[in-house]
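Single-letter residue listing:
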2 protein chains.
Amino acid sequence: MAETGEPVAVVLLSGGLDSMVSAALAREQGFALHALTIDYGQRHRRELDAARRIAAELGAARHVELALDLRKFGGSALTDDVDVPKEGVGEAIPVTYVPARNLVFLSLTTAFAESGGARDIFIGVNALDYSGYPDCRPEFITSFAHTASLGTKIGVEDGPIVIHAPLQYMSKADIAREADRLGLDTGMSWSCYDPRADGLPCGACDSCRLRRKGFAEAGLEDGLRYPYDIPPA
Amino acid sequence: MAETGEPVAVVLLSGGLDSMVSAALAREQGFALHALTIDYGQRHRRELDAARRIAAELGAARHVELALDLRKFGGSALTDDVDVPKEGVGEAIPVTYVPARNLVFLSLTTAFAESGGARDIFIGVNALDYSGYPDCRPEFITSFAHTASLGTKIGVEDGPIVIHAPLQYMSKADIAREADRLGLDTGMSWSCYDPRADGLPCGACDSCRLRRKGFAEAGLEDGLRYPYDIPPA
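Would you explain the relation of the copies chain B and chain A in this entry?
Two copies of the chain are present, and they differ by a rotation about an axis and a shift along that axis. Each copy of the sequence occupies a distinct position, and chain B is placed on chain A by a rotation of 180° and an axial shift of 0.0 Å, giving an RMSD of 0.0 Å. Taken together, the rotation angle and the small translation identify this as a two-fold axis. A shared binding surface is used by both copies, with 100% of the interface residues of chain B retained as interface residues in chain A.

Explanation requested: unusual backbone geometry in the structure shown.
Of all residues except glycine, most have a negative phi; of all peptide bonds, most are trans. Positive phi values are uncommon outside glycine, yet Ala100 of chain A reaches one of about 55°. Relative to the helices and strands, Ala100 of chain A resides in the loop between strand 3 (62-67) and helix 3 (101-115).

What is the right way to read the sheet that holds strand 5 (residues 162-164) of chain B from this model?
All names here are of chain B. In spatial order, the strands read 3-2-1-4-5; together these 5 strands make up an open sheet with parallel pairing. Strand pairing shows two members of the sheet lacking a second neighbour, strand 3 (62-67) and strand 5, which therefore form its edges. Sheet twist, expressed as the mean angle between neighbouring strand axes with direction ignored, is 25°. With 5 bridges joining them, strand 1 (residues 8-12) and strand 2 (residues 32-39) adopt parallel strand pairing. Its bridge partner lying in strand 2, Ala9 is registered against Leu33. Running over the sheet, helix 3 (residues 101-115) touches strand 1, strand 2, strand 3, strand 4 (120-122) and strand 5 and is turned about 140° from strand 2.

What is the right way to read the interface of chain B and chain A from this model?
Often, the extent of an interface is quoted as the loss of accessible area on bringing the components together. Taken together, the contact between chain B and chain A spans 41 residues of the former and 41 residues of the latter. In total, chain B and chain A occlude about 3,400 Å² of area from one another, counting both sides; carbon and sulfur atoms represent 70% of this. Across the chain B-chain A interface, the total number found is 0 salt bridges. Looking at the side of chain B that touches chain A, the elements that each hand over two or more residues are strand 3, helix 3, helix 4 (138-150) and helix 5 (153-157) of chain B. Considering every element that reaches the side of chain B that touches chain A, the biggest residue donor is helix 3 of chain B, with 9 residues. Among the residues forming the side of chain B that touches chain A, the class breakdown is 22 nonpolar, 9 polar and 10 charged.

What is the right way to read the pairing of strand 2 of chain B from this model?
Strand residues, when the strand is regular, have side chains that alternate between the two faces of the sheet. Residue and element names in this part refer to chain B. Counted residue by residue, strand 2 has 8 buried out of 8 residues, so it is predominantly covered. Of the two faces of strand 2, both are covered, the one formed by Ala32, His34, Leu36 and Ile38 as well as the one formed by Leu33, Ala35, Thr37 and Asp39. For the segment spanning strand 1, helix 1 (residues 17-28) and strand 2, crossover handedness is right-handed. Bridging between strand 2 and strand 3 involves 6 bridges; their strand directions are parallel. Looking at strand 3, one finds that Leu36 is bridged to Val64.

Hey, could you run me through the pairing of strand 1 of chain B in this one?
Residue and element names in this part refer to chain B. Among the 5 residues of strand 1, 5 are classified as buried, and the element is accordingly described as predominantly covered. The alternating pattern of strand 1 places Val8, Val10 and Leu12 and Ala9 and Val11 on opposite faces, both of which are buried. Of the pairings in the sheet, the one linking strand 1 to strand 4 comprises 3 bridges and is parallel in character. When the sheet's bridge partners are listed, Ala9 is paired in strand 4 with Asp120.

I'm lost on the packing of aromatic side chains in this one. Help?
A ring pair, where both rings are aromatic, is described by two values, the distance of the centres and the angle of the planes. All names here are of chain A. Taken as a whole, this structure holds 8 aromatic pairs over all chains when the rule is applied. Ring centres 5.5 Å apart and planes at 65° place the aromatic pair Phe31 and Phe122 in the edge-to-face group. A residue pair is termed long-range when its members are at least 10 positions apart, and Phe31 in the loop between helix 1 (17-28) and strand 2 (32-39) and Phe122 in strand 4 (residues 120-122) qualify at 91 residues. When its relative accessible area of 12% is taken as the criterion, Phe31 is described as buried. If you follow Arg46 out to its NZ or CZ, it ends over the ring of Trp190, 3.9 Å from the centre.

Where do I start with the nonpolar core in this structure?
Taken as a class, soluble globular proteins show a tendency for nonpolar side chains to be buried jointly. Grouped together as the largest cluster of nonpolar side chains are 98 residues, with contacts concentrated most on Leu36 and Leu108 of chain A together with Leu36 and Leu108 of chain B. With near-sequence residues (within four places) excluded, Leu36 of chain B lies in contact with Phe73 of chain A together with Val10, Val11, Leu12, Leu13, His63, Val64, Leu66, Leu108, Thr109 and Phe112 of chain B.

Where do I start with the sheet that holds strand 5 (residues 162-164) of chain A in this structure?
Within a sheet, adjacent strands bond to each other through the backbone by hydrogen bonds, running parallel or antiparallel. Residues and elements named next belong to chain A. Taken in spatial order, the 5 strands of this open sheet run 3-2-1-4-5, and their pairing is parallel. The sheet terminates laterally at strand 3 and strand 5, the two strands that pair on one side only. If you compare each strand with its neighbour and ignore which way they point, the axes differ by 25° on average.

So, how was this worked out
Residues numbered from 1 in each chain as written. Chains lettered and ligands numbered in written order. Predicted model: local features only at pLDDT ≥ 70, side-chain atom pairs only at ≥ 80, totals over all residues. Heavy atoms only, no water. Least-squares fit on C-alpha atoms with pLDDT ≥ 70 in both. Contact = heavy atoms within 4.5 Å. Helix = DSSP H or I, 4+ residues; strand = E, 2+ residues; numbered from the N terminus. Pairing = 2+ DSSP bridges. Axes fitted to C-alpha atoms, helices over the stretch in contact; angles between N-to-C directions. Buried area = accessible area lost by both parts, 1.4 Å probe. Salt bridge = Lys/Arg side-chain N within 4 Å of Asp/Glu carboxyl O. Nonpolar A, V, L, I, M, F, W, Y, C, P; charged D, E, K, R; others polar. Buried < 20%, exposed > 50% of the residue type's maximum accessible area, 1.4 Å probe, protein only. Right-handed = clockwise from strand over helix to strand, strands pointing away. Phe/Tyr/Trp six-rings, centres within 6.5 Å; stacked < 30°, edge-to-face > 60°. Lys NZ or Arg CZ within 6 Å of the ring centre and 35° of its normal. Core = buried A, V, L, I, M, F, W, Y, C linked by side-chain atoms within 4.5 Å.

Below you can see the structure in the form of structure tokens.
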């Protein structure tokens, strides 16, 4: 890890806007980036291309793509042949919830971090403008850090695993502003759960709605283009 | 899950003796078994065959083998091209430790359980005759259950995720006796980290040493055959 003299942070890089901003904040804090992208059979494959572009753009020292076929378990509209809902963001946990996704992803990120001697992990979860997923809540993130510190050699011998969730208390508008402040090309990121055949984001799934609303509230233009025939958020 | 009327438990089935006994105890407690085996690129591929045989023998209703290439992270003698130590069981955490393995495996098991509507998970860890891995300790298992309950829809809506670790406080001799009581053919399981070219267990790695010592102390014969030219444990 000492090649550059900078401490290493492992960033969970999905390719979405939040993970891009979270990774850029890690870099801003002086960490060398080891990026981890998990290919879990998500229907929105465009995310993976986005992750590659972002890792290169942010100068990640390492980028590992790990295949994990969560479709073998079934149970989510993001991996199975189930319609992605387009009716707007509701109160209940939606069908796009992937069982235990952040638990699995943070565990893999911890394994990657420990393998490289790092204890700092960045994840782009946020608990405000989110889809109601239980694994985005602060109490889960805090509890995970404690568990990971107990269950790893590095946690026991070197000090606690630190989960940085810098977007935790940001709204999507805050995140859009943060992307702007950091000078990020948001067009490199991808959020849509259900891309159209023409390669444009659908504009109507929860993820598109939250993103568009955020940029609109911040009064900023999203680098990502939406089809003009979709009604505004 | 209601096909048989029995509640479902997900059992983490490595193919080792401990996971076999743990799964058999789940069945004895009246659970229908959904077995999960993780192919993480371990050098001891014989474990995977053993897991298949055990799942069939115990009548598992489902058995998923999930590929997860932890070699991409590096950092362990169990997945990398590093010599497995044969000098005996020491005090420190050994090089056979796989970074965050049980954290990752329990997270995947939780995802599998939640996908099938189950909250009961069985894992064969034990904290007595073990190799000094931090992720076998009771405080880790307890903390994990709490984290998993916070980070899943099923944990939030239906009730806590329950991690059963029935071998937690057993010695290897206790586990050998338990296998005997349950009428298990221990020859179906596989523990060796470094199988010989002739297909026999090495008899000298930590895992072989602990297993042989356990059967010897219990005064029981292991169904698994060792090469006669290996010095006794």
